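This is what each chain is made of:
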Amino acid sequence: MSLLLFRRFASVKNILHRQSPIYRQVLLSYRMSEESNPQDVVTSTKRTLTTQVEPNATPRVKKAKLKKYKAKKVDPTAPLGILQLEIDELLKDNNLTRENVTNDLISILNDKTFEIKDKYHREVSNVKVLKLTSNGDGLAIIDNPVETEKKQVVIVPFGLPDDIVNIKVFKTHPHYVESDLLDVIEKSSMRRDDLIKDKYFGKSSGDQFEFLTYEDQLEIKRNTVANAYKFFAPRLVGSKTIPEIGSTIASPLQYNYRTKITPHFDMPKRLKQLEIKPPLGFGQKGRPKWRKETLEVGGTGPILDIDECALATDILNIGLTNERRRFDQEFKKYKKGATILLRENTIILDESKPVDEQLGEGSTDAEGKVSYTTIDDKEHGVKLAKTCVTNSRQIVTEYVDGYTFEFSAGEFFQNNNSILPIVTKYVRDNLKIPNSKIDEPNYLVDAYCGSGLFSICSSKGVSKVTGVEISADSVSFAERNAKSNGVENCKFIVGKAEKLFESIDTPNDRTSVILDPPRKGCDEVFMKQLAEYYPARIVYISCNVHSQARDLEYFLNDTEKGKDYKIESLRGFDFFPQTHHVESVAVLSRV
Ligand SMILES: C[S@@+](CC[C@H](N)C(=O)[O-])C[C@H]1O[C@@H](n2cnc3c(N)ncnc32)[C@H](O)[C@@H]1O
């Protein structure tokens, strides 16, 4: 029976049932027993009050509803899920359990007098930071201010292991509290405040690591990869099948590398305030006070007013100046907040023509001219112009290792152009099937291929590349990019990654597979079919090493043929210097 038919049948049956004499009798006797049961005095007050109120009875005081805490369902591989694992580990290391740190959230939520709230949300001095989370925040343990036998785990943004700090606790969750860093009393040996370049550092939520040497940043990211496998691939770690994690590959640019930024603003709700220009920039991370020089910089609201971004490329900073000027003049036209897209666009210049004529649309300066910067690409013998695009539907071009890639400005493309030649080479080298003879055919499958970055950059010397991608738009760009780069051996399919296995016709022993899924990783359906297909090699690139670890734990342990593989190498790539983010690349081969 179809679901629809079944529902109709069920509802007709229900009506008949409700109208039957037996049903009415049961209902009546239930109502009678409800009214006459002496134990129902409390539960049936409503009826008593409406029907039997005596003239001089005390009026009923309406009982206020208790506010409840609703825990949200969290994906274990998302930041909040990982934080919980990191907290549990910290507790274990300090001989504590979750029971020792439970916070009385219900009392805080229902505290009208602020008596309890103020006890919880307070300043605490001389707190020792114990470790760093994979989100780049410090973690510490402090005493619970109300339940004296209990402790609290506190997140200390911009706190480093061994720092002694003063903090202000401002938010409570069941198993941890959040704080602002007020002062650093004793510095961790890692802390290098002299390295900070960004005037908003220590306040902005965009970067966490500017006060670390770059070597320390790379090492911390190596640890993030190791911890992710410890948490999400315990069987692989336990059986010692994880290779030593390689050093994190550095980004050639450690500042001014981001090719896309999205400053935003909120409009005030009160009309009176519409006269005042709201801040335009990025989110503030709490209300930290530890860098006295930043107290006034960017204002004190939830959005910082940012006039330059130390991580964005030069042309994006020029675009930011242009768009801020425009915003100064036009902010009153906005009724609601909005996000402004700033995306770098690259043009290969024809040096026989004036630059202005080749730029196309882009962010304009005060005189209405499209702003641009130029770069000489000596390796490929070309001169490039960079413009800043603000229209998300405009087609932009990225230039990677001699190839050009077009895509819509609002669509996904890797965000650090400087590291892409290194990553694409690493992927290409690791896809090669060892001991291949020169004339032997070899094939490539690029799952989650986007606009074709890895397919096209790995296409040389390969017999055929098949890319699969869920976004039809990205696939049409992948096709267009293959054509414009003179690449004829790539075919792209629109669909979920597993659609690939319906039509795959390349011999598995001669095929290597690239996986580059979104943050949530691959699903079991895909991993199972991948194992069934049994390719010669797999290169798994991930912007969330935690979901990568989970997927590989499943693939290697829980799929029949996955057991024949080993992780040959595993390492991070630093796509986002000065931040906690790490891109992880795992190479798998058959044993
Ligand atoms: C991290 S991006 C990688 C894109 C490409 N490899 C690159 O480097 O430019 C992930 C891509 O997976 C696509 N995607 C998301 N879910 C998918 C699915 N179930 N099957 C296939 N592609 C998917 C997204 O549209 C996105 O283009």
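Residues numbered from 1 in each chain as written. Predicted model: local features only at pLDDT ≥ 70, side-chain atom pairs only at ≥ 80, totals over all residues. Heavy atoms only, no water.

**Q** Quick rundown of the overall build of the chain? Include the residues and the values.
**A** Across its full length, the chain holds 15 helices and 22 strands. Across the 591 residues that make up the chain, the buried fraction comes to 48%. Sequence separation of 24 or more characterises 67% of the internal contacts of the chain that already satisfy a separation of 6 or more. (Helix = DSSP H or I, 4+ residues; strand = E, 2+ residues; numbered from the N terminus. Buried < 20%, exposed > 50% of the residue type's maximum accessible area, 1.4 Å probe, protein only. Contact = heavy atoms within 4.5 Å.)

**Q** Before we move on, can you summarise the site of the ligand with the specific residues and values?
**A** Close to the ligand lie 15 residues; Gln-414, Tyr-448, Glu-469, Ala-497 and Asp-516 are nearest. Contact distances for the ligand include 3.2 Å between a nitrogen atom and a backbone N or O atom of Ile-470. One of the side-chain nitrogen or oxygen atoms of Asp-516 is found 2.8 Å away from a nitrogen atom of the ligand. Residues of the shell around the ligand, tallied by class, amount to nine nonpolar, three polar and three charged. (Near = heavy atom within 4 Å. Polar contact = N/O pair within 3.5 Å; in protein donor to acceptor, adjacent residues only side chain to side chain. Nonpolar A, V, L, I, M, F, W, Y, C, P; charged D, E, K, R; others polar.)

**Q** Which residues make up the packing of aromatic side chains, and what values go with them?
**A** What describes a pair of aromatic rings is the distance from one ring centre to the other and the angle between the planes of the rings. Applying the stated criterion to the full structure yields 18 aromatic pairs. Look at Phe-201 and Phe-211: their rings are 5.2 Å apart centre to centre, the planes differ by 75°, and that puts the pair in the edge-to-face class. With a gap of ten residues between them, Phe-201 in the loop between β6 (177–186) and α7 (214–232) and Phe-211 in the loop between β6 and α7 connect regions that are remote in the sequence. Of the two residues, Phe-201 and Phe-211, neither departs from the other in class, the shared state being buried. (Phe/Tyr/Trp six-rings, centres within 6.5 Å; stacked < 30°, edge-to-face > 60°.)

**Q** Please give an account of helix α4 (residues 79–93) that cites residues and values.
**A** Spacing of three or four residues puts side chains on the same side of an α-helix, whose turn is 3.6 residues. With 15 residues, α4 ought to run about 21 Å at 1.5 Å a step, and its terminal C-alpha atoms sit 21 Å apart, in line with that. Restricting attention to buried positions, one finds in α4 the residues Gly-81, Ile-82, Leu-83, Gln-84, Glu-86, Ile-87, Leu-90 and Leu-91. Each element contacted by the buried residues of α4 is listed here: β2 (131–132), β3 (138–143), β4 (151–156), α7 and α15 (545–558). One or two steps after α4, the chain reaches Asn-95, where phi turns positive at roughly 55°. (Expected span 1.5 Å × (residues − 1).)

**Q** Break down a nonpolar patch on the surface for me, citing the residues and quoting the values.
**A** A cluster of nonpolar side chains, namely Leu-66, Tyr-69, Ile-106 and Leu-109, defines an oily patch on the protein surface of about 350 Å² accessible area. Structurally, Tyr-69 can be placed in the loop between α3 (45–52) and α4. (Patch = residues over 30% accessible without salt bridge, like charges linked within 9 Å, V, L, I, M, F, W, Y side chains within 5 Å. Areas by Shrake-Rupley, 256 points an atom, 1.4 Å probe, with all protein chains shown as cover. Salt bridge = Lys/Arg side-chain N within 4 Å of Asp/Glu carboxyl O.)

**Q** Explain the confidence of the model for the chain residue by residue, including any values.
**A** It should be kept in mind that the predicted coordinates are not to be read in detail where pLDDT is low. Per-residue confidence for the chain gives a mean pLDDT of 89; residues scoring 70 or more make up 89%. Between residues 1–53, whose pLDDT stays under 50, and residues either more than four places distant or in other chains, the model counts twelve contacts. Confidence estimates for the predicted assembly give a pTM of 0.87 and an ipTM of 0.99. (pLDDT = per-residue confidence, 0-100.)

**Q** Account for the packing of α4 against α7, with residues named and values stated.
**A** Interhelical geometry of α4 versus α7 gives an angle of 90° and a closest axis separation of 11 Å. One way to sum up the angle between α4 and α7 is to call them roughly perpendicular. Across the interface between the two elements, Ile-82, Leu-85, Glu-86 and Glu-89 from α4 touch Lys-230, Phe-231 and Phe-232 from α7. (Axes fitted to C-alpha atoms, helices over the stretch in contact; angles between N-to-C directions. Parallel < 35°, antiparallel > 145°, perpendicular 65-115°, else oblique.)

**Q** So what's going on with α15? Which residues, and what values?
**A** Helix length check: α15 (14 residues) gives 19 Å between terminal C-alpha atoms against 20 Å at 1.5 Å per residue, within 8%. Within α15, eleven of the 14 residues are buried, which leaves the element mostly enclosed by the surrounding structure. Those residues of α15 not exposed but buried are Val-545, His-546, Ser-547, Gln-548, Ala-549, Asp-551, Leu-552, Glu-553, Tyr-554, Phe-555 and Leu-556.

**Q** Explain the sheet that holds strand β13 (residues 382–389) to me, using residue names and the numbers behind them.
**A** Picture the strands of a sheet paired through backbone hydrogen bonds; they go either parallel or antiparallel. The strand order across the open sheet formed by four strands is β8-β11-β13-β12, and the pairing between neighbours is antiparallel. Sheet topology places β8 (260–261) and β12 (373–377) at the edges, where each strand pairs with a single neighbour. As paired strands, strand β11 (residues 342–348) and β13 are joined by six bridges and run antiparallel to one another. Paired with Ile-347 across the bridge in β13 is Ala-385. Against the sheet, helix α9 (residues 314–330) contacts β8, β11, β12 and β13, and its axis sits at roughly 125° relative to β11. (Pairing = 2+ DSSP bridges.)

**Q** Go over the pattern of salt bridges with me, naming the residues and quoting the values.
**A** With the rule as written, the count across this model stands at 32 salt bridges. Linking Lys-292 and Asp-183 is a salt bridge whose minimum nitrogen-to-oxygen distance equals 3.3 Å. Placement of Lys-292 in the loop between β9 (264–265) and α9 and of Asp-183 in strand β6 is noted, with a sequence separation of 109 residues between them. When the shortest N-O distance is used, the salt bridge between Asp-558 and Arg-235 registers 2.9 Å. Residue Asp-558 is located in helix α15, and its partner Arg-235 is located in helix α8 (residues 234–238); the two are separated by 323 residues in the primary sequence.

**Q** For the pairing of strand β15 (residues 403–408), give the residues involved together with the corresponding values.
**A** Taken across its six residues, β15 has five buried, putting it largely inside the fold. Here strand β14 (residues 395–400) pairs with β15 via six bridges, running antiparallel. When the sheet's bridge partners are listed, Glu-398 is paired in β15 with Phe-405. Hairpin connection from β14 to β15: two residues lie between these consecutive antiparallel strands, with Asp-401 at a positive phi of about 55°.

**Q** Mind laying out the sheet that holds strand β17 (residues 464–469), listing which residues take part and the relevant values?
**A** The strand order across the open sheet built from eight strands is β7-β21-β22-β20-β19-β16-β17-β18, with neighbouring strands paired in mixed fashion. In this open sheet, the two edge strands, each paired with only one partner strand, are β7 (246–249) and β18 (490–494). Sheet twist, expressed as the mean angle between neighbouring strand axes with direction ignored, is 20°. Sitting on the sheet, α7 touches β7, β21 (565–573) and β22 (583–590), and the angle it makes with β7 is about 125°. Strands in contact with helix α10 (residues 420–431) are β7, β16 (443–447), β19 (511–515), β20 (537–542), β21 and β22; relative to β20, the strand with the most contacts, it is inclined by about 155°.

**Q** Before we move on, could you go through the nonpolar core and cite the residues and values that matter?
**A** Nonpolar side chains in soluble globular proteins tend to be buried together. If you look at the biggest cluster of nonpolar residues, it comprises 59 residues, and the most contacted ones within it are Phe-405, Val-427 and Leu-453. Take this core: its biggest share by element is five residues, from α10. Counting residues in hydrophobic clusters, the runner-up holds 41 residues, among them Ala-228, Phe-231, Tyr-448 and Tyr-565. (Core = buried A, V, L, I, M, F, W, Y, C linked by side-chain atoms within 4.5 Å.)

**Q** Got a sec to walk through the environment of Asp-365? Specific residues and values, please.
**A** Summarising the element assignment, Asp-365 is placed in the loop between β11 and β12. Between the alpha carbons of Asp-365 and Ile-318 there is a distance of 8.5 Å; along the sequence they are 47 residues apart. For Asp-365, the contacting residues outside a window of four places in its chain are Asn-322, Arg-325 and Ser-371. A distance of 3.0 Å separates the side chain of Asp-365 from the backbone nitrogen of Glu-367, its partner in a polar contact.

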